[in-house]
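# Breakdown of the fold
Listed here are the chains, written in short residue letters.
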Amino acid sequence: MVVSQNVLMRLPGVAIRLRSGRLRPVVGFLLLVVATAAAGLSVGSPASAADTAVVYVVQGLPGTNVEIQVDGKSVATGAEPTDIVGPLTLASGQRKLTVRQGNTVLLERMFTIRPNTNSDVVVHRPASPSGKPVITTFANNLAAVPADKASVTVAHTAAVPPADIKVNGKVLFANVANGESLHVVVPAGTYTVQIVPTGQSGPSILGPAALPVKGGELTNVYAIGEPKSGTMNVVVHELALSKTGTGKPGRVNTGTGGQAAELGLTSLWSN
Amino acid sequence: MEQLNSPVPPAVVRPPATTRVGPSAVGAAVVKIALLTAALLTGAGCGASSGTTSAPPPPATAGAPTPQSSDHDGEVPPARVGTPAASQRIRFVPSSIVLPGGSRAPVDPASTVNGLLAVPENVQRVGWWDGGAQAGDPFGALAIAGHVDSAKSGLGFFVQLQRIRAGETITLRDSGHQASYKVTSIRSVPQDALATGTFDQTGPHRLVLITCTGRYDRARGGYERNLVVTAMPVGLAKPVGSTG
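All of these numbers come straight from a predicted model, not from anything done at the bench. (Residues numbered from 1 in each chain as written. Chains lettered and ligands numbered in written order. Predicted model: local features only at pLDDT ≥ 70, side-chain atom pairs only at ≥ 80, totals over all residues. Heavy atoms only, no water.)

## Thoughts on the pairing of strand β11 (residues 163–167) of chain A
Residues and elements named next belong to chain A. Formally: Relative accessibility thresholds used throughout: buried, under 20% of the residue-type maximum; exposed, over 50%; partly exposed, between the two (1.4 Å probe, protein chains only). We count a stretch as a helix when DSSP gives it H or I for four or more residues in a row; a strand needs E for two or more, and each element gets its number in order from the N terminus. A strand pair is defined by DSSP finding two or more bridges across the two strands.
Counting buried positions over the five residues of β11 gives five, a clear majority of the element. Of the two faces of β11, the one lined by Ala163, Ile165 and Val167 and the one lined by Asp164 and Lys166 are each fully buried. In terms of strand pairing, β11 meets strand β12 (residues 170–176) through four bridges, oriented antiparallel. Each residue of the ladder has a partner; that of lysine 166, found in β12, is valine 171. With antiparallel pairing between neighbouring strands as the criterion, β11 and β12 make up a hairpin whose turn holds two residues, including asparagine 168 at a positive phi of roughly 50°. Here five bridges tie β11 to strand β14 (residues 189–197), and the two strands are oriented antiparallel to one another. By the bridge assignment for β14, aspartate 164 is matched with valine 196.

This is the structure:
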């Protein structure tokens, strides 16, 4: 399955929650920034729910606190690096995101949200260390997973060239460029993750670091920052998913007639 | 195909201190970013476009002044839309299976009910355990079980597994994808020992085909053993024509 664009929320009432970041040695903290203009942005009427979408704004600019505005209304002030602003319930259509530092507009972009979608809007550095900040939208893949499996999206939003992402020492995501992401479903557990330049074993851009991923959740991992200034970091955004599938079988009983045995077809495997 | 070990115990490897962002680092970085930002706002910076990304190029703002006002929405450039990298894996729930020799059977999702995997009653169809891996996943067992026979319908599709050999190829498909596997082992286990490890979702991805074998216990109405065919992926799952 590719990372789908505009994945529909399977469960309208699905609980979406944020938790403090794991990767603890790397992520100092992960704060939920309360939407200061939630009343102005939320659409609470169920009748209009079909015209709204859920958006999180990810503050992926290292070393700077910013104000985030949507359509000119402030949704967070003093948003620190790795902060996640949301969930914001926004009317679908063209919305404007403004990132400010005091009276200075750092950047401003229009983004399109379709009804009943869930996405992260990431403010981050482009690949070039000297480039201006950019905004990239990533659809959240809310496809259900078994309770013991983790849905993981890793996105490159750092000021580094295309990179390989190694998981447990092997390249699981190859040649990922700024603005690209990869999605995978893995057993819940803790993985060792490292980012290295494409096709090379080093120098390490980030990690290796321990990344715990939980069953029944989507874990979005955004690599942010820039190596030279020592600001490489990750933002970890966890979203609850609906569960699918059933537990491990204890038995499989797939022969109730005995015809195969009568024909001698199963005798080879009697012991 | 990578042979990956998973998962590992936590904290086996610690991130180096250089990746930590402590208060002092943040402070220093704030200054740097502030300076950088000032440079950018005075036109000293490069354009937002990056030559290394394969994402749609950002709007041509290079050289243009950074917007200082949000009064005119029409002038605000669009945000980038994130794209999957070219190395994105394909994963899919199989809807058909092709055994060595070319015979094909439909695959239906199958659930565990009271500890028993509820495979399709139609013995010419087989069941994909819905709690397991999908084709193309990097880890875990993709388990498909089917009848060797039934009292009502006679021989089932998976009677063919009784004669499968190591090295032979099995293909899983859905409407737009396929994944191939090479048989690495065939073994029979007592039915009450099947669950041990067969359905594990850790360890390298593999295909596990299950049916019944050995002696038929007429009094009980069932076979004594399960036949377990294990096959390892040959390359990654890939797209095919629309002829699933």
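Now that the structure is up, let's keep going.
## Here's the deal with the side chain of threonine 219 of chain A
Residues and elements named next belong to chain A. As a reminder of what qualifies: Contacts are residue-level and defined by heavy atoms, with any inter-residue pair within 4.5 Å sufficient.
Tracing the chain through its elements places threonine 219 in strand β16 (residues 217–224). Relative accessible area serves as the criterion here: at 0%, threonine 219 is assigned to the buried category. Leave out the neighbours within four places in its chain, and threonine 219 touches Ser151, Val152, Thr153, Val213, Lys214, Val236, His237 and Glu238.

## Re the pattern of salt bridges
Residue and element names in this part refer to chain B. We apply this condition: Every case where a carboxyl oxygen of Asp or Glu lies within 4 Å of a side-chain nitrogen of Lys or Arg is listed as a salt bridge.
Counted according to the given criterion, the structure contains seven salt bridges over all chains. Between aspartate 137 and arginine 91 there is a salt bridge, with its nearest N and O atoms 2.6 Å apart. Of this pair, aspartate 137 sits in the loop between β7 (126–129) and β8 (141–146) while arginine 91 sits in the loop between β2 (83–84) and β3 (96–98); the two residues are 46 residues apart in sequence, bridging distant segments of the chain. Residue class for aspartate 137 comes out buried when judged on its relative accessible area of 2%.

## A closer look at empty space enclosed by the protein
All names here are of chain A. What counts is decided by this rule: Think of a 1 Å grid over the protein atoms and nothing else: a 1.4 Å probe that fits but is trapped marks a cavity, an open set flanked by protein within 12 Å on at least five of seven lines marks a pocket, and residues with an atom within 4 Å of a point count as lining. Grid points are joined across faces, edges and corners, and a volume is the space filled by probe spheres set on the points. In the scheme used here, Gly and all other residues not listed as nonpolar or charged are polar, with Ala, Val, Leu, Ile, Met, Phe, Trp, Tyr, Cys and Pro taken as nonpolar and Asp, Glu, Lys and Arg as charged.
Scanning all chains against the criterion turns up seven cavities of 30 Å³ or more. Taken as a whole, the second largest cavity encloses approximately 90 Å³ of empty space. Mapped onto the lining of the second largest cavity, the elements with two or more residues apiece are β10 (149–156), β11, β12, β13 (180–187), β14 and β15 (206–213). When the residues that make up the lining of the second largest cavity are grouped by side-chain class, the tally is 13 nonpolar, no polar and no charged.

## Here we look at the confidence of the model for chain B
Residues and elements named next belong to chain B. Applicable threshold: pLDDT: the predictor's confidence for each residue, scored from 0 to 100.
For chain B, the mean per-residue pLDDT works out to 78, and 68% of the residues sit at or above 70. Contacts for the low-pLDDT stretch residues 1–73, under 50 throughout, to residues beyond four places or in other chains number 136 contacts. For this predicted complex, the interface confidence comes out at an ipTM of 0.81, alongside a pTM of 0.77.

## What to know about the sheet that holds β15 of chain A
Residue and element names in this part refer to chain A. Applicable threshold: Every axis in this analysis is a line fitted to C-alpha atoms, fitted for helices over the stretch in contact. Angles between the N-to-C directions lie between 0 and 180 degrees.
As summarised here, the arrangement of the four strands in space is β12-β11-β14-β15, forming an open sheet in which the pairing is antiparallel. For this open sheet the edge positions go to β12 and β15, each flanked by a neighbour on one side alone. Shown here is a sheet whose adjacent strand axes are inclined to one another by a mean of 25°, direction ignored.

## A few points about the side chain of serine 188 of chain B
This is how the line gets drawn: The definition of a polar contact used here is a pair of N or O atoms within 3.5 Å, where within protein one atom must be able to donate a hydrogen and the other to accept one, and adjacent residues in sequence count solely through side-chain atom pairs.
Counting through the fold element by element, serine 188 of chain B comes out in strand β12 (residues 177–190). Exposure remark for serine 188 of chain B: the relative accessible area of 11% places this residue in the buried category. Here tryptophan 269 of chain A takes part through its backbone oxygen, which lies 3.1 Å from a polar atom of the side chain of serine 188 of chain B. Of note is the side chain of serine 188 of chain B, whose polar atom sits 2.8 Å from the side chain of arginine 225 of chain B. When near neighbours in sequence (up to four residues on either side) are disregarded, serine 188 of chain B contacts Trp269 and Asn271 of chain A together with Thr213, Arg225, Asn226 and Leu227 of chain B.

## Let's talk about the confidence of the model for chain A
Per-residue confidence for chain A gives a mean pLDDT of 84; residues scoring 70 or more make up 82%. A low-confidence stretch, residues 1–47 of chain A stays under pLDDT 50, and its non-local contacts, those more than four residues away or across chains, total 119 contacts.

## Some points on the sheet that holds strand β4 (residues 104–110) of chain B
Ordered by their spatial adjacency, eight strands build a closed barrel running β3-β4-β7-β8-β13-β14-β12-β11 (chain B), and the pairing between neighbours is mixed. Pairs of neighbouring strands in the sheet enclose a mean axial angle of 35°, with direction left out of account.

## Some thoughts on the nonpolar core
One recurring pattern in soluble globular proteins is that nonpolar side chains are buried together. Formally: In this text, buried Ala, Val, Leu, Ile, Met, Phe, Trp, Tyr and Cys residues form a nonpolar core when linked through side-chain atoms within 4.5 Å.
If you look at the biggest cluster of nonpolar residues, it comprises 29 residues, and the most contacted ones within it are Ile97, Ile144 and Leu209 of chain B. Elements represented by at least two residues in this core include exactly β4, β7, β8, β11 (169–173), β12, β13 (206–217) and β14 (222–239) of chain B. The contacts of leucine 209 of chain B, once residues within four sequence positions are left out, are Ile97, Leu99, Ile144, Phe158, Leu161, Ile170, Leu227, Val228 and Val229 of chain B. Core analysis: the next-biggest nonpolar cluster, separate from the first, contains 28 residues, Ile195, Leu206, Leu211 and Val221 of chain A among them.

## Structural notes on the environment of valine 105 of chain A
Residue and element names in this part refer to chain A. Positionally, valine 105 belongs in strand β7 (residues 104–113). On the accessibility criterion, valine 105 (2% relative accessible area) is buried. Linking valine 105 and valine 252, residues 147 residues apart in sequence, is a C-alpha distance of 63 Å.

## Things to note about the pairing of β12 of chain B
Residue and element names in this part refer to chain B. For β11 and β12, the ladder comprises five bridges, and the chain directions are antiparallel. Within the sheet, the bridge partner assigned to threonine 169 lies in β12 and is lysine 182. Hairpin connection of β11 to β12: three residues between the antiparallel strands. The sheet contact formed by β12 and β14 spans 12 bridges and is antiparallel. Note on β14: the bridge partner recorded for tyrosine 181 is proline 233.

## Examining unusual backbone geometry
Residue and element names in this part refer to chain A. Each neighbour pair has its own omega, and for glycine 202 with proline 203 the value is 0°, a cis peptide bond. With respect to the secondary-structure elements, proline 203 resides in the loop between β14 and β15. In this structure, the amide linkage connecting glycine 207 to the following residue, proline 208, adopts the cis form with an omega of 5°. Note on placement: proline 208 falls in strand β15. Although it is not a glycine, asparagine 175 sits at a positive phi angle of roughly 55°.

## Some remarks on the environment of proline 190 of chain B
Residues and elements named next belong to chain B. Structurally, the position occupied by proline 190 is in strand β12. Sequence separation between proline 190 and glycine 214 is 24 residues; the distance between their C-alpha atoms is 9.0 Å. Setting aside anything within four residues of it in sequence, one finds proline 190 in contact with Glu224 and Arg225.

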